[in-house]
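What follows is each chain in one-letter form.
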Amino acid sequence: MAWTNYQRILAVLQVITGSFNTLSVKFADQQEVVGEDGQIRHFNHPFMQSTFMFFGEFLCFVAFKIFYRYYNRRGDGSVDSNVLTKGSRIFNPFILLIPALCDMFATSIMYIGLNMTYASSFQMLRGAVIVFTGIFSVAFLHRKLVAREWIGIFFVIVGLACVGVSDILAESTNMNTNSVLTGDLLIIFAQVITAVQMVVEEKYVGEQDIPALQAIGWEGIFGFIGMSLAMIPLNYIKVLPPFADNSRGTLEASVDAFIQIGNSGKLLAAIIGIIFSIAFFNYAGISVTKEMSATTRMILDSVRTIIIWAFSLAVGWQVFYYVQLIGFTILLIGMACYNNIVIPQLFRKLRSRLGRHKLSVNKDGIVNTAADDVQETL
């Protein structure tokens, strides 16, 4: 089935804005700017970045209200047919609270990890969500995983191990190995929380036909409020570097973050990029799932990984290692097996052809080619 122009736009929007978001966060991390105490430091404020992300999602709620008001005032029924506003608008928004809280914790932990590791590794390691989602689906949704899904999980684990080995090789010449591996482990741990979010959404939110902008907007509201409240104790909890490379020596230093942003035009541009790219990315991602499928969304996310990796190599953020390429390839194979894309079909096709041309010996001892009746499932 051919894609419509709207679906093509969604696919391109997801890839471009998703890539831009991750690269914007990493670009912000690498900026060295004068802070609150007059010292030049990297912008190490993962919780503030998470707050900016939720503010971007909140803007989706504002956009939904504007579009809804506009189409509703037209009085021609377009409010129920337009892709931006159609869907069930009568629901309990608190069903999105738990997914929003999961997103809040997972994003904050991932941004800490991204500050310590490579952008490409960050994107590849997010593939670990398949492993935990599969396990939690069995445990809590009582799903029975088929053989290809278990094979996919195995390949994903092997691929993740290769990515970790690549990061060790990349840092073998300096003292940052522990920091990078800690970042990798934090990203993988965050996928446990993301898997919980996906399972909850599948169980309680999946059947709700909520407009994409409205769903993202409510998660943004809950996440922004949650992060703003969490910021209060985070500004007073003392920790050691690399978890607290700021003027206060705490998990977060909000005033220091705003001072650094005010002192650097590049950093301000990166923050604006984070806010708007996450809004468009989440809208495109949810819309792709509704218009096409979650599998399509996963494939497009893999394309995003390639772009981030290529950009990181091009600008010198990291060095090319074959192990990482091997790991990424194995990860793709695992994802394809788990989501029943291409590779399982190729195996079935090969098995079907082998069955049709199986050699057999008749009673006279003559070797013939038997055409077995094998049904090919594509």
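What counts, and at which threshold
- Residues numbered from 1 in each chain as written.
- Predicted model: local features only at pLDDT ≥ 70, side-chain atom pairs only at ≥ 80, totals over all residues.
- Heavy atoms only, no water.
- UniProt positions renumbered as here; feature names shortened; annotations may be inferred.
- Helix = DSSP H or I, 4+ residues; strand = E, 2+ residues; numbered from the N terminus.
- Buried < 20%, exposed > 50% of the residue type's maximum accessible area, 1.4 Å probe, protein only.
- Contact = heavy atoms within 4.5 Å.
- Areas by Shrake-Rupley, 256 points an atom, 1.4 Å probe, with all protein chains shown as cover.
- Salt bridge = Lys/Arg side-chain N within 4 Å of Asp/Glu carboxyl O.
- Axes fitted to C-alpha atoms, helices over the stretch in contact; angles between N-to-C directions.
- Left-handed = near helix turned anticlockwise from the far one by under 90°.
- Nonpolar A, V, L, I, M, F, W, Y, C, P; charged D, E, K, R; others polar.
- Polar contact = N/O pair within 3.5 Å; in protein donor to acceptor, adjacent residues only side chain to side chain.
- Lys, Arg positive; Asp, Glu negative; His and termini not counted.
- Core = buried A, V, L, I, M, F, W, Y, C linked by side-chain atoms within 4.5 Å.

Per an unreviewed UniProt entry, the chain goes by Solute carrier family 35 member F6 and derives from Dinoponera quadriceps. For the record of the chain, the UniProt heading Subcellular location (unreviewed entry) holds the text "Membrane". Quoted verbatim from the Sequence similarities (unreviewed entry) field of UniProt, the annotation for the chain is "Belongs to the nucleotide-sugar transporter family. SLC35A subfamily."

This brings us to the overall build of the chain. Across its full length, the chain holds 13 helices and four strands. Across the 378 residues of the chain, 49% fall into the buried class. Sequence-distant contacts in the chain: of pairs separated by 6 or more residues, those separated by 24 or more amount to 74%. Carbon and sulfur atoms form 66% of the exposed surface of the chain, whose accessible area is close to 19,000 Å².

Our focus in this paragraph is the pattern of salt bridges. Within the structure shown, the criterion is met by four salt bridges. The partner of Arg 41 in a salt bridge is Asp 37, and the shortest N-O contact between them spans 2.7 Å. The partner of Asp 245 in a salt bridge is Arg 41, with the nearest N and O atoms 3.7 Å apart. A residue pair is termed long-range when its members are at least 10 positions apart, and Asp 245 in the loop between α8 (212–234) and α9 (254–262) and Arg 41 in strand β2 (residues 40–42) qualify at 204 residues.

With that out of the way, let us pick up the packing of helix α5 (residues 129–140) against helix α6 (residues 147–170). It is at 9 Å that the axes of α5 and α6 come closest, and there the two elements cross at 145°. You can see that α5 and α6 cross each other, and the crossing is left-handed. Packed against α5, whose contacting residues are Ile 130, Val 131 and Gly 134, the element α6 presents Ile 153, Val 156 and Ile 157 at the interface. Partitioned by chemical class, the residues of the contact of α5 with α6 number five nonpolar, one polar and no charged.

Attention shifts here to the environment of Gln 260. In this structure, Gln 260 sits in helix α9. Sequence separation between Gln 260 and Gly 35 is 225 residues; the distance between their C-alpha atoms is 5.1 Å. Apart from the residues lying within four places of it in its own chain, the contact partners of Gln 260 are Val 33, Val 34, Gly 35, Arg 41, His 42, Phe 43, His 45 and Leu 267. A distance of 3.3 Å separates a polar side-chain atom of Gln 260 from the backbone oxygen of Arg 41.

Attention now goes to the side chain of Asp 184. Along the chain, Asp 184 falls in helix α7 (residues 177–205). Although buried, Asp 184 forms no salt bridge, and the nearest oppositely charged side chain, Lys 26, lies 9.2 Å from it.

Buried together is how nonpolar side chains tend to be arranged in soluble globular proteins. Membership of the largest hydrophobic core comes to 63 residues, with the highest contact counts inside it found for Phe 43, Phe 47 and Ile 271. When near neighbours in sequence (up to four residues on either side) are disregarded, Phe 47 contacts Ser 108, Ile 112, Met 227, Met 231, Leu 234, Leu 251 and Glu 252. By size, the runner-up hydrophobic cluster in this structure holds 14 residues, among which are Leu 213, Ile 216, Ala 279 and Leu 300.

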